[in-house]
Amino acid sequence: MKVVFMGTPDFAVPALENIAKNHQVEAVVTQQDKPKGRGHKMQFTPVKEKAIELGISVYQPQKVKNPEFVDILRKINPDVIVVIAFGQILSKEILELPKYGCINVHASLLPKYRGAAPIQWAVIDGEKESGVTTMYMEEGLDTGDIIDVQKVTLDEKETGGSLFAKLAEKGGELILKTLDKLENGTATRTPQNDELSSYAGKITKELGCIDFSKSAEEIERLIRGLNPWPSAFTYIDDKIMKIWDAEVVEEKNEKKPGTVLELGKDYIKVAAGKGALKIKELQLEGKKRMTAAAFLNGYTIDVKELGK
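None of these values were measured; they are calculated from a predicted model. (Residues numbered from 1 in each chain as written. Predicted model: local features only at pLDDT ≥ 70, side-chain atom pairs only at ≥ 80, totals over all residues. Heavy atoms only, no water.)

## Here we look at the overall build of the protein chain
Thought 1: Counting secondary structure elements, the protein chain contains eight helices and 17 strands.
Thought 2: For the protein chain, the spread of C-alpha atoms along the principal axes amounts to about 70 × 45 × 30 Å.
Thought 3: Within the protein chain, buried positions represent 49% of all 308 residues.
Thought 4: When contacts within the protein chain are restricted to residue pairs at least 6 apart in sequence, long-range pairs at least 24 apart make up 63% of them. (Helix = DSSP H or I, 4+ residues; strand = E, 2+ residues; numbered from the N terminus. Buried < 20%, exposed > 50% of the residue type's maximum accessible area, 1.4 Å probe, protein only. Contact = heavy atoms within 4.5 Å.)

## Regarding a nonpolar patch on the surface
Thought 1: Side chains of Ile-89, Leu-141 and Tyr-199 sit close together on the surface and give an oily, nonpolar patch of about 370 Å² of accessible area.
Thought 2: Looking at where Tyr-199 falls in the secondary structure, it is placed in strand E11 (residues 199-200). (Patch = residues over 30% accessible without salt bridge, like charges linked within 9 Å, V, L, I, M, F, W, Y side chains within 5 Å. Areas by Shrake-Rupley, 256 points an atom, 1.4 Å probe, with all protein chains shown as cover. Salt bridge = Lys/Arg side-chain N within 4 Å of Asp/Glu carboxyl O.)

## Some remarks on the pairing of strand E13 (residues 239-249)
Each regular strand displays side chains that alternate between the two surfaces of the sheet.
Thought 1: Across five bridges, strand E12 (residues 232-236) lies against E13 in antiparallel orientation. Its bridge partner lying in E13, Tyr-235 is registered against Ile-240.
Thought 2: Where E12 hands over to E13, the hairpin turn is made up of two residues, of which Asp-237 adopts a positive phi near 50 degrees.
Thought 3: As defined by bridge partners, E13 adjoins strand E16 (residues 276-284) across eight bridges and the pair is classed as antiparallel. The partner of Ile-243 across the bridge, within E16, is Leu-282. (Pairing = 2+ DSSP bridges.)

## As for the packing of aromatic side chains
Thought 1: Inspection of the entire model under this criterion finds four aromatic pairs.
Thought 2: A centroid spacing of 5.4 Å and a plane angle of 70 degrees characterise the contact between Phe-11 and Phe-164, whose relative ring orientation is edge-to-face. Taken together, the positions of Phe-11 in the loop between strand E1 (2-7) and helix H1 (13-22) and Phe-164 in helix H6 (residues 160-184) put the pair 153 residues apart, joining distant regions of the chain.
Thought 3: In this structure Phe-11 comes out as buried when scored by relative accessible area, which is 6%.
Thought 4: Between Phe-233 and Tyr-235, the ring centres sit 5.9 Å apart and the planes meet at 85 degrees, which makes this aromatic pair edge-to-face.
Thought 5: Of the residues examined, Tyr-235 reaches a relative accessible area of 16% and is grouped as buried.
Thought 6: Residue placement shows Arg-189 over the ring face of Tyr-136; its charged tip is 3.7 Å from the ring centre. (Phe/Tyr/Trp six-rings, centres within 6.5 Å; stacked < 30°, edge-to-face > 60°. Lys NZ or Arg CZ within 6 Å of the ring centre and 35° of its normal.)

## Quick look at the nonpolar core
One broad trend across soluble globular proteins is that nonpolar side chains are buried collectively.
Thought 1: One finds Phe-5 and Ile-19 to be the most contacted residues of the largest nonpolar core, which totals 39 residues.
Thought 2: Ranked by the residues each element gives to this core, the list is headed by H6, at eight residues.
Thought 3: Not counting residues up to four positions away in its chain, the partners in contact with Ile-19 are Val-3, Phe-5, Val-25, Val-82, Ile-175, Leu-176 and Leu-179.
Thought 4: Core analysis: the second largest hydrophobic core is formed by 28 residues, Leu-222, Ile-223, Ile-243 and Phe-295 among them. (Core = buried A, V, L, I, M, F, W, Y, C linked by side-chain atoms within 4.5 Å.)

## Considerations on helix H3 (residues 67-76)
Thought 1: The set of residues buried in H3 consists of Phe-69, Val-70, Leu-73 and Ile-76. Along the axis of H3, the buried residues cluster in a sector spanning 115 degrees; they form a single face. Opposite the buried face of H3, by more than 90 degrees, sit the exposed residues Pro-67, Glu-68 and Lys-75.
Thought 2: Packing partners of the buried residues in H3 comprise E1, strand E2 (24-29), strand E5 (58-59) and helix H4 (92-95).
Thought 3: Asn-77 sits one or two positions beyond H3 and adopts a positive phi of about 55 degrees. (Arc of directions from axis to C-beta.)

## Section: the pairing of strand E6 (residues 80-84)
Thought 1: Burial analysis of E6 places five of its five residues in the buried class, which makes it a mostly covered element.
Thought 2: Because side chains alternate across E6, one face comprises the buried residues Val-80, Val-82 and Ile-84, and the other comprises Ile-81 and Val-83, equally buried.

## Points about the pattern of salt bridges
Thought 1: In total, this model carries 22 salt bridges according to the counting rule given.
Thought 2: A salt bridge links Lys-166 to Glu-158; the shortest N-O distance between them is 2.8 Å.
Thought 3: By relative accessible area, Lys-166 is classed as partly exposed at 26%.
Thought 4: Its relative accessible area of 1% is what places Glu-158 among the buried residues.
Thought 5: Salt-bridge contacts for Asp-266 lead to Lys-280; the nearest nitrogen and oxygen are separated by 3.2 Å. In this pair, Asp-266 is assigned in the loop between strand E14 (260-263) and strand E15 (268-271) and Lys-280 in strand E16, connecting sequence segments 14 residues apart.
Thought 6: Via salt bridges that share partners, Lys-157, Glu-220, Arg-224 and Asp-245 belong to a single interconnected network.

So far we have only geometry, and geometry alone does not tell us how the molecule works.
Put into structure tokens, the structure is as follows:
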């Protein structure tokens, strides 16, 4: 099939690679390059880098719905447009342009977790399983009819980063299955039940600020869900301390949440609203990521409470 691929981050790369091996990718559409790092050097999106490597034409319209760019799509005349984490809303004009429609790969088991950050929220909310869904796109946000679903079981220590990698791989596999069904006429439509939907809003750095009045279990899931970005954090001696790994301790204590209960050989135990948290891996502001054991060897904790 003649395919136009729209995507931007790392998550979309495995799908682009797989499609390019099995179909004719006429063009890749991705977000515009952005300055990054201290030198503010312009950096290609991961999808653009892969497209260049594969020798595929790249388009980076400021707005994909601009008439000039819609004309370009018309001239390409794709059989299907595949959209994965592209970052722009497609107009009705574009949605109706390809023979087989516009197909989206979404990183959740729809209708649950519509929106921008389904992967992180699945971990934060303590879901036992997640997955990827392919669907026909329509004008609503992640509301189109479902074609295929691939489920993934979350590990006990699943992080946002590890689930991201799993679902990116599964999405790359699932889209090929879906394209085959479209081409041979066996693709089905399963309408979403809007009553079962939930919205996975954007992740912000502020979300990572740990509220120790919450249960240790909730905090531990937040730490995993926001690993590697933007990371969960607290404060010690007015310095930001990121927490990368922690264990839940089911114990009763009457101490104020955030109170440092114990300094072990390889952990810092802190009171939570329910239970306690053993901090096992951390990163103090301006320092490298390290184990709690290494941190305690070089840092004297005088504070009785974490946070501001």
